[in-house]
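An overview of the molecular structure
Letter by letter, the chains look like this.
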Amino acid sequence: MYYFSSEKLYSYDAIRIIRKELLDKMKAILQERHILIHYDSKLVTITSDNPDEVEFTFTDSQTKSAPLIIGVNRINSTIRGIFLPQVKPIYTGFMGINSVVQRSQLRIPEGYSLPATVMAQSGAFLLVPQKPDSSELFIGSQQQFPTLDAAGWEALRKDKQKLYDMLQENKDDWPDVAFHSIPPLASWLSDSKRIILIRDTAHAIPPTAGQGANQAFEDARALATLLSELSPEVPLDGAAAKWQAFRQDRIKKVLDLTRQMNVKRLPESERAKMPPGAIWTDQSLTRGEGGELRWLYDPDLAEEAKKWVEELKQAS
C-alpha cells in the first residue's frame, strides 16, 4: 500500500467521486448563475481564427463568433483536429478492468485502511471508496493488452463475462477501458491565442494515478483566474503563454508519474525487467511519513495566476 492521499499530509483524504454526481453539481451551479448549456449543437468546423474573434459553424449550418473558444471535449477532439489534424490518440498498451461492488461483498479485514493498492506477483489490485462511509468500492486491476480497433474495443466492453474472467485471473495470488494518451503538443493555443485547448483535448492522461479530471479542473481554474485579470497591461497572448508554460510543465510531471505507476502495477516478472527509475517509489512510505506527492496535492493555482499577472504588468 502507499499514499495517494493523506489527511495528515495534504489536509484531506481521497475519495472517488462518481462522474454523474459531479456533473449534476456543476450543472446546478451553472443554472444558479443563469448560464445556458446547449445540448442540441455540435461544432463541426472553425471558419476563421483572427486576432479579434473566432468564427465557427455547427452541424445545423449556423455560424457564430466569439472572442474566445476553449476546447474542453475529450481525447478525440473536433477543435484540436481542426488546427492540429496530425495529432492522433495513442494506445498506451494498458487497459483497466474495473467494477463497483459493495464492501460487504469483499473479504476486507475490519480497520483496513482505504484507498489501497494491493501489490502481488501478478500485479496490482485497486480498492477505492466511492462513498464517504466506504460502503461502496471501485475495484479493479490493470493489465497489458494488445491493441484493438474501435469495433474490437466496443465488443470487449460489451463482453461482461470475458471481462469478469479476466478480472478473476490469478486471483489466488492477490494478498474497462483501454488507456489512451496523445503525444505532447507543442502548443495548446492557436496562432491568434483565441482558441485554447484544455482537458483531454490538450493532454489525455491515462487514469492510473487518478489525475484526468483533476488536471482538467486545474487547467480551468488557472485559466479562468488569469482571464479575469485581462487588461491592456495583461494582454491575452502574454497571459495564455504564461498559463500554457506552467500547465505543460505540470502535466509532464503527471504523465511521468502515470508511466511509473503503470510499471509499478505490472506483474512482478515484468517489473524485474525495468531499468532503474522506471517504477515510482517513495522510500519514506515504508516509515509512514510519505509526502513525495506533495507537489501534486498542494498546488495554489490562483496564487500562481496572480504571479503571472504581476510579471506581465511589470513587463508592460
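Keep in mind it's a predicted model, so treat the numbers as computed, not measured. (Residues numbered from 1 in each chain as written. Predicted model: local features only at pLDDT ≥ 70, side-chain atom pairs only at ≥ 80, totals over all residues. Heavy atoms only, no water.)

1. What to know about the pairing of strand β8 (residues 136-144)
- With 8 of its 9 residues buried, β8 lies for the most part within the structure.
- Sheet topology note: the strand β5 (residues 90-102)/β8 ladder contains 9 bridges and is antiparallel. Residue pairing in the sheet places Ile-97 in a bridge with Ser-141 of β8. (Buried < 20%, exposed > 50% of the residue type's maximum accessible area, 1.4 Å probe, protein only. Helix = DSSP H or I, 4+ residues; strand = E, 2+ residues; numbered from the N terminus. Pairing = 2+ DSSP bridges.)

2. A closer look at a nonpolar patch on the surface
- The grouping of Leu-23, Met-26 and Phe-217 at the surface amounts to a nonpolar patch, some 260 Å² of accessible area in total.
- Tracing the backbone shows Leu-23 in helix α2 (residues 19-32).
- Leu-23 gets classed as partly exposed once you look at its relative accessible area, which sits at 42%. (Patch = residues over 30% accessible without salt bridge, like charges linked within 9 Å, V, L, I, M, F, W, Y side chains within 5 Å. Areas by Shrake-Rupley, 256 points an atom, 1.4 Å probe, with all protein chains shown as cover. Salt bridge = Lys/Arg side-chain N within 4 Å of Asp/Glu carboxyl O.)

3. A look at the packing of aromatic side chains
- A full pass over the atoms with the stated rule returns 5 aromatic pairs.
- Relative to Trp-153, the ring of Phe-145 lies with its centre 5.9 Å away and its plane at 40°, an arrangement referred to as tilted.
- Given the relative accessible area of 9%, Trp-153 is considered buried.
- When the centroid spacing of 5.6 Å and the interplanar angle of 70° are considered together, the rings of Trp-188 and Trp-243 count as edge-to-face. Of this pair, Trp-188 sits in the loop between β9 (177-181) and β10 (195-197) while Trp-243 sits in helix α7 (residues 236-264); the two residues are 55 residues apart in sequence, bridging distant segments of the chain. Per residue, the accessibility class of Trp-188 equals that of Trp-243, and both read buried.
- In textbook terms, an aromatic cluster arises when at least three aromatic residues are bridged by ring pairs, as seen for Tyr-91, Phe-145 and Trp-153. (Phe/Tyr/Trp six-rings, centres within 6.5 Å; stacked < 30°, edge-to-face > 60°.)

4. Remarks on the environment of Ala-124
- Looking at the element boundaries, Ala-124 is found in strand β7 (residues 123-129).
- A C-alpha to C-alpha distance of 6.1 Å links Ala-124 and Ser-141, two positions 17 residues apart in sequence.

5. So, the side chain of Asp-200
- Locating Asp-200 in the fold gives a position in the loop between β10 and α6 (212-227).
- With residues up to four places along the chain from it excluded, the contact list for Asp-200 reads Asn-73, Arg-74, Ile-75, Arg-80, Ile-182 and Ile-205. (Contact = heavy atoms within 4.5 Å.)

6. Quick look at the nonpolar core
- Ranked by size, the top nonpolar core spans 46 residues in total, and within it Phe-56 and Trp-243 carry the most contacts.
- Going through the elements one at a time, α1 (7-10), β1 (43-49), β2 (54-58), β10, α6, α7, α9 (294-297) and α10 (301-315) are the ones with two or more residues in this core.
- At 8 residues, α7 tops the list of elements feeding residues into this core.
- Apart from the residues lying within four places of it in its own chain, the contact partners of Trp-243 are Trp-188, Leu-189, Ile-196, Leu-197, Ile-198, Asp-219, Ala-222, Leu-223, Leu-226 and Trp-308. (Core = buried A, V, L, I, M, F, W, Y, C linked by side-chain atoms within 4.5 Å.)

Geometric values such as these leave the question of function open.
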